[in-house]
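Residue-level listing of the chains:
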Amino acid sequence: MAAARLALGRVLPGSSVLFLCDMQEKFRGTVSFFPQIVAVSARMLQVARMLDIPTVLTEQYPQGLGPTVPELGAQGLRAVPKTSFSMMVPEVERLLKARPGLRSVLLCGIEAQACILCTALDLLERGLEVHVVADACSSRRMCLAHSWCLIGVGGILKEFRQTPTPSAGSPLRAYNHWLRGRKESASTPPPSSQVDRLLALSRMRQSGVFLTTSESLILQLLRDAAHPHFKEVQKFLRDPAPDTGLLGLFQGKNPLFS
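Residues numbered from 1 in each chain as written. Predicted model: local features only at pLDDT ≥ 70, side-chain atom pairs only at ≥ 80, totals over all residues. Heavy atoms only, no water.

A short note on the pairing of strand S5 (residues 129-138)
Keep this limit in mind: Each residue's exposure class comes from its accessible area (1.4 Å probe, protein chains only) as a fraction of the maximum for that residue type: buried when under 20%, exposed when over 50%, partly exposed otherwise. Put simply, DSSP H or I for four residues or longer makes a helix, DSSP E for two residues or longer makes a strand, and each gets a number counted from the N terminus. Crossovers are marked right-handed if the path from the first strand over the helix to the second runs clockwise, as seen with the strands pointing away from the viewer. Pairing between two strands is assigned when DSSP locates at least 2 bridges connecting them.
Extensive coverage of S5 is indicated by the burial of ten of its ten residues. Handedness of the crossover is the feature at issue here: the chain leaves strand S4 (residues 104-110), passes through helix H4 (residues 112-125), returns alongside S5, and the resulting connection is right-handed. With three bridges connecting them, S5 and strand S6 (residues 210-212) associate as parallel partners. Paired with Val133 across the strands is Thr212, a residue of S6.

Focus: helix H3 (residues 90-97)
We apply this condition: Note: the arc covers the axis-to-C-beta directions of the helix. The contact criterion used throughout is that any non-hydrogen atoms of two residues lie within 4.5 Å.
For H3, the set of buried residues is Val92, Glu93 and Leu96. The buried side chains of H3 occupy one side of the element, clustering within an arc of 105 degrees when seen end-on. Relative to its buried face, H3 has exposed residues pointing more than 90 degrees away, namely Pro90, Arg94 and Lys97. Elements in contact with the buried residues of H3: strand S1 (16-21), strand S2 (55-60), strand S3 (79-82) and H4.

Re the sheet that holds S2
For the record, the criterion: Throughout, an axis means a line fitted to C-alpha atoms (over the contacting stretch in the case of helices), and angles, computed between N-to-C directions, take values from 0 to 180 degrees.
Sheet architecture is open: six strands sit in the order S3-S2-S1-S4-S5-S6, paired in parallel fashion. Edge positions in the sheet fall to S3 and S6, since each of these pairs with one other strand and no more. Neighbour-to-neighbour, the strand axes of this sheet turn through a mean angle of 25 degrees, independent of strand direction. Two strands pair when backbone bridges link them, and S2 and S3 are joined in this way by four bridges, in the parallel orientation. Looking at S3, one finds that Leu57 is bridged to Ala79. With respect to the sheet, H4 is in contact with S1, S2, S3, S4 and S5, its orientation differing from that of S4 by roughly 165 degrees.

What to know about the layout of surface pockets
To keep it simple, the criterion reads: Here a cavity denotes grid points, spaced 1 Å and computed from the protein atoms alone, that fit a 1.4 Å probe unable to get out, and a pocket denotes an open set having protein on both sides within 12 Å along at least 5 of 7 lines; residues with an atom within 4 Å of a point are the lining. Grid points are joined across faces, edges and corners, and a volume is the space filled by probe spheres set on the points. Nonpolar residues are Ala, Val, Leu, Ile, Met, Phe, Trp, Tyr, Cys and Pro. Charged residues are Asp, Glu, Lys and Arg, and all others, Gly as well, are polar.
If you add up the space inside the second largest pocket, you get close to 160 Å³. By residue class, the composition of the lining of the second largest pocket is four nonpolar, four polar and four charged.

As for helix H7 (residues 195-207)
Basically, it comes down to this: Multiply 1.5 Å by the residue count of a helix minus one, and that product is the helix's expected span.
The terminal C-alpha atoms of H7 lie 18 Å apart, and with 13 residues this matches the ideal 18 Å at 1.5 Å per residue to within 8%. At the C-terminal side of H7, Gly208 shows a positive phi close to 110 degrees.

Considering the side chain of Lys82
We count it as follows: Each polar contact in these results corresponds to two N or O atoms within 3.5 Å; when the atoms are within protein, one needs to be able to donate a hydrogen and the other to accept it, and residues that are neighboring in sequence are counted only if both atoms are side-chain atoms.
Here Lys82 lies in strand S3. Given a relative accessible area of 4%, Lys82 falls into the buried group. Within the local environment of Lys82, its side chain forms a polar contact with the backbone oxygen of Ser84, the two atoms lying 2.9 Å apart.

A closer look at the confidence of the model for the protein
Here is the rule we go by: In predicted models, pLDDT denotes the confidence assigned by the predictor to each residue on a 0 to 100 scale.
Overall, the prediction assigns the protein a mean pLDDT of 84, with 74% of residues at 70 or greater. Long-range and interchain partners of residues 143-157, a stretch whose pLDDT sits below 50, account for 17 contacts in this model, where long-range means more than four residues apart. Below pLDDT 50 for its whole length, residues 183-192 participates in 16 contacts with residues either more than four positions away or in separate chains.

Side note on the packing of helix H8 (residues 214-222) against helix H9 (residues 230-237)
To keep things clear, this is the line we draw: Reported orientations rely on four angle classes, namely roughly parallel under 35 degrees, roughly antiparallel over 145, roughly perpendicular from 65 to 115, and oblique for the rest.
Close contact between H8 and H9 brings their axes to 11 Å; oriented N to C, the two are set at 170 degrees. The orientation of H8 relative to H9 falls into the category roughly antiparallel. Here H8 contributes Glu215, Ile218, Leu219 and Leu222 to the contact with H9, which in turn contributes Phe230, Val233 and Leu237.

Observations concerning the environment of Glu59
Structurally, Glu59 is set in strand S2. Looking at Glu59, the relative accessible area reads 12%, which means it is buried. Between the alpha carbons of Glu59 and Ala79 there is a distance of 6.2 Å; along the sequence they are 20 residues apart. The contacts of Glu59, once residues within four sequence positions are left out, are Asp22, Gln24, Pro67, Thr68, Ala79, Val80, Pro81 and Lys82.

A closer look at the environment of Ala120
As for its position among the elements, Ala120 is in helix H4. We classify Ala120 as buried; its relative accessible area is 0%. Sequence spacing of Ala120 and Val130 is ten residues, and the spatial spacing of their C-alpha atoms is 6.3 Å. With near-sequence residues (within four places) excluded, Ala120 lies in contact with Leu107, Val130, Met204 and Val209.

So, the nonpolar core
Our working rule: To form a nonpolar core, buried Ala, Val, Leu, Ile, Met, Phe, Trp, Tyr and Cys residues must be joined to one another through side-chain atoms within 4.5 Å.
Core analysis: the biggest nonpolar cluster contains 36 residues, and Leu18, Leu20, Met44 and Leu72 have the highest contact counts within it. Broken down by element, this core gets its largest block of residues, ten residues, from helix H1 (residues 34-50). Residue contacts for Leu20: discarding those within four places in its chain leaves Ser41, Leu45, Thr55, Val56, Leu57, Thr58, Leu72, Met87 and Cys108. With 29 residues, the next largest nonpolar core counts Met87, Val92, Leu123 and Ala200 among its residues.

Written out as structure tokens, the structure is:
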């Protein structure tokens, strides 16, 4: 019996659509690498516009979570509001049915373990190929207390001893001063939890999702340096995409991706 042919996952502009999921104001302070995720997604959106790839933008409960952040550059797009943890709400279903030649969905946004995962599974169930742009997806950060639970009291004391603190009169006062400085702030984000993100990417891969990066996907869409838009797109590729914390997921032998 012949072995089943593996899906190649080839992407073409004429049979693809870009999904931008829930990059909203209220997530700005809670999602790991949020500015970088938005920057990579904005690059994908700019390339999609150059290559005439249609784009679907959603917002999760916008009354409470706010609008899409302006730096995504999606001001000309109508955001589809939703409460579902999948982007595949009736309005989006209708948009996809209007494109009978659709084969591939390029998926960016947040959060990996929630709306990205649920959307990917729904799309796969409908027979579409899903390409998750891994450097344009993320999950929430740990709160400070959670991070301390993970590194333990010994880790906290070790970090305190290694951190220069001004003289505060007594060790206890110095420790309290250090704690205040360690609290979450916009300039010093709390430690990020990669667990939800890692397992979500692994779960999607198990189900048949293609994990890729923005640059890899853009070059697949172009296919040739002779493409009429190559020079325009090349401007985005001259500078590498911002670091979105993926390297830590793949360092060493990771059994989830073996």
